[in-house]
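So you can see what is in the structure, the chains are spelled out below.
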Amino acid sequence: QVQLVESGGGLVQPGGSLRLSCAASGFTFSNYVMRWYRQAPGKERELVAGITSGGSTTNYADSVKGRFTISRDNAKNTVYLQVNSLRPEDTAVYYCNAHRWIDLWGQGTQVTVSS
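Note that the structure is predicted; figures quoted are calculated from it, not measured. Each chain has its residues counted from 1, running along the sequence as written. For a predicted model such as this one, the threshold for reporting local features is a pLDDT of at least 70, and the threshold for listing and counting side-chain atom pairs is 80 or more; totals across whole chains, interfaces and linings nevertheless cover every residue. Side-chain measures were taken over the full set of non-hydrogen atoms in the model, leaving aside hydrogen atoms and water.

1. Side note on the environment of Arg-87
Here's step 1: Tracing the backbone shows Arg-87 in the loop between strand S8 (78-83) and strand S9 (92-99).
Here's step 2: Residue classification places Arg-87 among the partly exposed residues on the basis of a relative accessible area of 37%.
Here's step 3: Counting along the chain gives 29 residues from Arg-87 to Thr-58, while the straight-line C-alpha distance between them is 22 Å.
Here's step 4: Here a residue-residue contact requires only that any non-hydrogen atoms of the pair lie within 4.5 Å. Those residues in contact with Arg-87 that sit more than four places away from it in its chain are Ser-63, Arg-67 and Val-113. Elements are defined by DSSP. Helices are runs of H or I of four residues or more, strands are runs of E of two residues or more, and each kind is numbered from the N terminus. To sort residues, take the accessible area from a 1.4 Å probe on protein chains only and compare it with the maximum for the residue type: under 20% means buried, over 50% means exposed, and anything in between is partly exposed.

The structure is reproduced here in structure tokens:
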């Protein structure tokens, strides 16, 4: 069964940090580009960060550059998103995506940044 399961979200104060994880199963994880998206209430889903299948190349949305870091462990079939210096505008549901010829999605994890 193909699955992507996100975890690590929560409520955090502005300036705080979280580490989001996405555990993959049911497909050859190391063959897929992995991405994190987010969707805030009333807004479209947006790409936050991506990492190539081998992990050598990453890319980020301008709004998160210097604050977020994507990484992956192909031995553990897991992709991570370290989110630092969080702002209220980072509040959203964060989704994990696996991309090759098809797109696979997780169920999302809520990140709320509020004092």
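On we go from here.
2. Focus: the side chain of Glu-6
Here's step 1: Considering the arrangement of structural elements, one finds Glu-6 in strand S1 (residues 3-7).
Here's step 2: Within the buried core, Glu-6 has no salt-bridge partner, and the shortest N-O distance to an opposite charge, that of Arg-45, equals 7.5 Å.
Here's step 3: There is a polar contact of 2.9 Å between the side chain of Glu-6 and the backbone nitrogen of Gly-108.
Here's step 4: Look past the residues within four positions of Glu-6 in its chain and what remains in contact with it is Ser-21, Cys-22, Trp-36, Tyr-94, Tyr-95, Cys-96, Gly-106, Gln-107, Gly-108 and Thr-109. Neither His nor the chain ends contribute to the count of charged residues, in which Lys and Arg are positive and Asp and Glu negative. Just to be clear on terms, a salt bridge is a Lys or Arg side-chain nitrogen sitting within 4 Å of an Asp or Glu carboxyl oxygen. By the criterion applied in these results, polar contacts are pairs of N or O atoms within 3.5 Å in which, for protein atoms, one can donate a hydrogen and the other can accept it, and in which residues neighboring in sequence qualify only through two side-chain atoms.

3. Here we look at the sheet that holds S8
Here's step 1: When DSSP finds two or more bridges between two strands, those strands count as paired. Across the sheet, 4 strands lie side by side as S1-S3-S8-S7; this open sheet has antiparallel pairing. For this open sheet the edge positions go to S1 and strand S7 (68-73), each flanked by a neighbour on one side alone. Across the sheet, the axes of successive neighbouring strands diverge by a mean angle of 15°, strand direction being ignored.
Here's step 2: The pairing of S7 with S8 spans 6 bridges and is antiparallel. The partner of Thr-69 across the bridge, within S8, is Gln-82. Each axis is a line fitted through C-alpha atoms, taken for helices only over the stretch in contact, and angles between the N-to-C directions span 0 to 180 degrees.

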